[in-house]
Amino acid sequence: MRRTALILDGLWLCLCPSFQTTALKRPSILLANGRYIHEHAPTSWSSRRCLSDGRSTLHRRNPATETDRYTTHHNEQLPDQRIPLEPNELRSCPKDANAVPDPGDPFGDRLRRPPPGVPKSLERKLSSVLETKLQELGAHEPRILSATQILRILIRDRHVRPEVRHYRALILANSDPERGSPDAVRHLLAEMEENGIPADSGTLHAALQALAVHPDYLLRQDIVRTLRDRWLPLSPAGWHYVVAGLLREHQFELAIDHIAQMERKDIVVEGWLYGLLVYYLCDFGEFDEVVRLMRARVTQGHDMSLRLWSHVLDVASASAHHETTHYVWRQMVELRYLHPSHEVCRNVLRVASRSGDTTLATSVIRFLVESELSLGREDYEILAETHVVSGDVYSGFEVLCKMHRAGIALEPSSTTALVGHMADSKISAQTAWTHLKELKAQKYEIPLRCAQVVVELYEHEALGDPSIVDDGVEFYKQLYALCPEKADVAVYNSLIGMCRRAQNPDAGMFVVTEMATLGVVPNAATFEHLILMCLGAGNCQSAYYYLQDMLARGCHPSEEARGQVRELCAGVEDDYAVRLRRHPEIRDEGERGFGSRMQRPSANSERPARRRWMSKEERRAASKERRKEKRRRQAIQRTREEEGWEEYEAGGLIPESKL
């Protein structure tokens, strides 16, 4: 039957813009000697045609001397990613494939040896089996080494003519995460173009898949432009490969825009692409976008892997992002799809405490109890702080009472958040006392640390309202009916501090008598309160004796207390005030050497330490004390200049009789 002539007119080129006239004839390949192989070449030669010129054709390489850019396993050199055929072999190849080469031929021994790195098991397989295996490798597990081994057997040993499928398989093999390279993909596509082999849609999509693992923005744009120029649509898999490449280049805005285009085109976005996007966003701390994407994904009815949910929970809780942590916990942990570790649960508790999310904190505690994980002191403290931040002081006290019932001793840090919140919110000590009595009526055993919260609040309020001392003393008298524990030195220190702030030495002496009667051993803080209270009342003698008693017990005043004592004794002509001011434990470091120049005291060292819950009245009093200290330093400086202290030169010890 006679064939109809094919007319390549303008209509044909308009309807098929991707058609090339070179596809109607076999490409002519330039050999090393400058001759060409055409269609009428012998079959045994044409089946082994080279698909590139001498510059890009694979030569048989020596693994011991070649330098390759890829790492290999088992000390093997990575094969070249080109069709394995040498131009010189065409001249020396016998026409009969089964013929034995001439021993005198310099290429004969090399043709008889198997290619390096090719297993014997592959050489015994049929060509059809190897072709099938080559396609399966590209579809399931692309590996460059395996693909090049099969191609060497098919093309170099069995003289199979290289086709588009072989190039496509080798390009797809560059999806290998360890040995793939975008440069190799670029060279393979260029080699196909040089040899007149058109790259079809499958080959270009294979290149996009390789670039999704090893991104190259310019090459990817060239491939997408080529598909558009040839009127070849980008498949759903191609969209996924393009977005994956953008994500690996950290172009998140562009990747999210491409995903939105896919959804508008009704292209189903695979879960692995969403997972890759979420992983990258978590690494860069974009949790607002993460929770938005996850909400949208769940709303659309799609599933995400448990590993992805667990990773988001770990990273979001460690970064203290409340919305993401709350969403993942409610979606996965409360339904028992996830079982996070104790450390992750504690991070979630910290997130809940910062925002006052009592619902989330209670859910975490319930999960720990149901998982038979023992609650520690830190867990109870974070839960109590969560209730306090939310404004529920009663529940905060209740958590501390449950902690005491569980046999976990309360530390000073357990009530820090409670005291700070009540002082900032101006919640009175009487309100805290009422809460403790309600808990006592609920059969809770009130720990002493909870009662000390009330005492500290009384101490805080005493500066602005001196009459509060009577309520504080009354609370102390009822303390034994509220708490079964004996009051310790910390409680008495707070009571004495309350009396000192209110300038009520009589109540302070009552507290001291109670300490002595009950045998409570004072510490350095106790003596500091007593010394400052006596100096504030003008009783310098008692203050001096308390200092001596303090030193006899092996205690030493703090730097803050020393500055306050020097300030209170400045300008006082009392003999005991002078002794206190000149005492080695009280006087400034610069005054300890008689002939040395006196150093200006640091304002920060003598400035009273501010508590973060300091009231307005306390700040006013501290500012007043700073102004007083400044006037005192100026007076000392004027005295130095008038009496000539600066010009004094030490001439030895002065006899005692002449003093």
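Residues numbered from 1 in each chain as written. Predicted model: local features only at pLDDT ≥ 70, side-chain atom pairs only at ≥ 80, totals over all residues. Heavy atoms only, no water.

## Observations regarding the overall build of the chain
Now for step 1: What the chain contains, in helices and strands, is 34 helices and 2 strands.
Now for step 2: The long-range fraction of contacts in the chain, counting pairs at least 24 apart against all pairs at least 6 apart in sequence, stands at 67%.
Now for step 3: Of the roughly 35,100 Å² of accessible surface on the chain, a fraction of 50% belongs to carbon and sulfur atoms. (Helix = DSSP H or I, 4+ residues; strand = E, 2+ residues; numbered from the N terminus. Contact = heavy atoms within 4.5 Å. Areas by Shrake-Rupley, 256 points an atom, 1.4 Å probe, with all protein chains shown as cover.)

## Let's talk about a negative patch on the surface
Now for step 1: A cluster of acidic residues, Asp465, Asp470, Asp471 and Glu474, forms a negative patch at the surface.
Now for step 2: Relative to the elements of secondary structure, Asp471 occurs in helix 25 (residues 468–477).
Now for step 3: Assessed through its relative accessible area of 37%, Asp471 is described here as partly exposed. (Patch = residues over 30% accessible without salt bridge, like charges linked within 9 Å, V, L, I, M, F, W, Y side chains within 5 Å. Salt bridge = Lys/Arg side-chain N within 4 Å of Asp/Glu carboxyl O. Lys, Arg positive; Asp, Glu negative; His and termini not counted. Charge placed at Lys NZ, Arg CZ, Asp CG, Glu CD. Buried < 20%, exposed > 50% of the residue type's maximum accessible area, 1.4 Å probe, protein only.)

## Quick look at helix 24 (residues 448–461)
An α-helical segment advances 3.6 residues per turn. Residues three or four places apart therefore align on the same side.
Now for step 1: With 14 residues, helix 24 ought to run about 20 Å at 1.5 Å a step, and its terminal C-alpha atoms sit 20 Å apart, in line with that.
Now for step 2: Counting buried residues along helix 24, 11 of its 14 residues qualify, which places the element largely inside the surrounding structure. (Expected span 1.5 Å × (residues − 1).)

## A word on a nonpolar patch on the surface
Now for step 1: On the surface, Tyr217, Leu218 and Leu254 cluster together into a nonpolar patch covering about 280 Å² of accessible area.
Now for step 2: Mapping Leu254 onto the fold places it in helix 13 (residues 252–264).
Now for step 3: On the basis of relative accessibility, which here comes to 32%, the residue Leu254 falls in the partly exposed class.

## Observations regarding the nonpolar core
Now for step 1: Membership of the largest hydrophobic core comes to 156 residues, with the highest contact counts inside it found for Ile223, Leu247, Trp329, Phe397, Phe475 and Leu479.
Now for step 2: The residues touching Leu247, leaving out its near neighbours within four places in the chain, are Phe252, Ala255, Leu273, Leu276, Leu277 and Tyr280. (Core = buried A, V, L, I, M, F, W, Y, C linked by side-chain atoms within 4.5 Å.)

## Overview of the environment of Ile446
Now for step 1: Locating Ile446 in the fold gives a position in the loop between helix 23 (429–441) and helix 24.
Now for step 2: Counting along the chain gives 48 residues from Ile446 to Glu398, while the straight-line C-alpha distance between them is 9.2 Å.
Now for step 3: Once you skip the residues sitting within four places of it in the chain, Ile446 turns out to touch Cys401, Leu436, Leu439, Lys440, Leu482, Cys483 and Pro484.

## Structural notes on the side chain of Asp216
Now for step 1: In this structure, Asp216 sits in the loop between helix 10 (201–213) and helix 11 (217–229).
Now for step 2: Among the polar contacts made by the side chain of Asp216, one reaches the main-chain amide nitrogen of Leu218 at a distance of 3.3 Å.
Now for step 3: Discounting chain neighbours no more than four positions away, the residues touching Asp216 are Pro182, Arg186, Leu211 and Glu249. (Polar contact = N/O pair within 3.5 Å; in protein donor to acceptor, adjacent residues only side chain to side chain.)

## Description of the state of the cysteines
Now for step 1: Within this structure, the stated rule accounts for 0 disulfides.
Now for step 2: Unpaired in terms of disulfides, Cys569 finds its nearest cysteine sulfur in Cys540, a separation of 5.5 Å. (Disulfide = S-S within 2.5 Å.)

## Overview of a positive patch on the surface
Now for step 1: Where like charges cluster on the molecular surface, the positive patch consists of Lys624, Arg627, Lys628 and Arg631.
Now for step 2: Tracing the backbone shows Arg627 in helix 34 (residues 616–643).
Now for step 3: A residue is classified by how much of its surface remains accessible, and Arg627, at 45% relative accessible area, is partly exposed.

## Some details on the confidence of the model for the chain
Now for step 1: Averaged over every residue, the pLDDT of the chain is 76; residues scoring 70 or more account for 73%.
Now for step 2: Confidence drops under a pLDDT of 50 for residues 84–115, and excluding neighbours within four residues, the segment shows 49 contacts in the predicted structure.
Now for step 3: Contacts of residues 645–659 to residues separated by more than four positions or lying in other chains number 7 contacts, the stretch itself having pLDDT below 50. (pLDDT = per-residue confidence, 0-100.)

## Details of the packing of helix 14 (residues 271–283) against helix 16 (residues 306–318)
Now for step 1: For the pair helix 14 and helix 16, interaxial distance at closest approach is 11 Å and the crossing angle is 15 degrees. Relative to helix 16, the element helix 14 is oriented roughly parallel. The element helix 14 and its partner helix 16 pack so that their crossing is left-handed. Facing Gly275, Val278, Tyr279, Cys282 and Asp283 of helix 14, the residues of helix 16 in contact are Arg307, Leu308, His311, Val312 and Val315. (Axes fitted to C-alpha atoms, helices over the stretch in contact; angles between N-to-C directions. Parallel < 35°, antiparallel > 145°, perpendicular 65-115°, else oblique. Left-handed = near helix turned anticlockwise from the far one by under 90°.)

## A short note on the environment of Val565
Now for step 1: Checked against the element boundaries, Val565 lands in helix 31 (residues 559–569).
Now for step 2: Taking the C-alpha atoms as reference, Val565 lies 7.8 Å from Leu580; in sequence the two are 15 residues apart.

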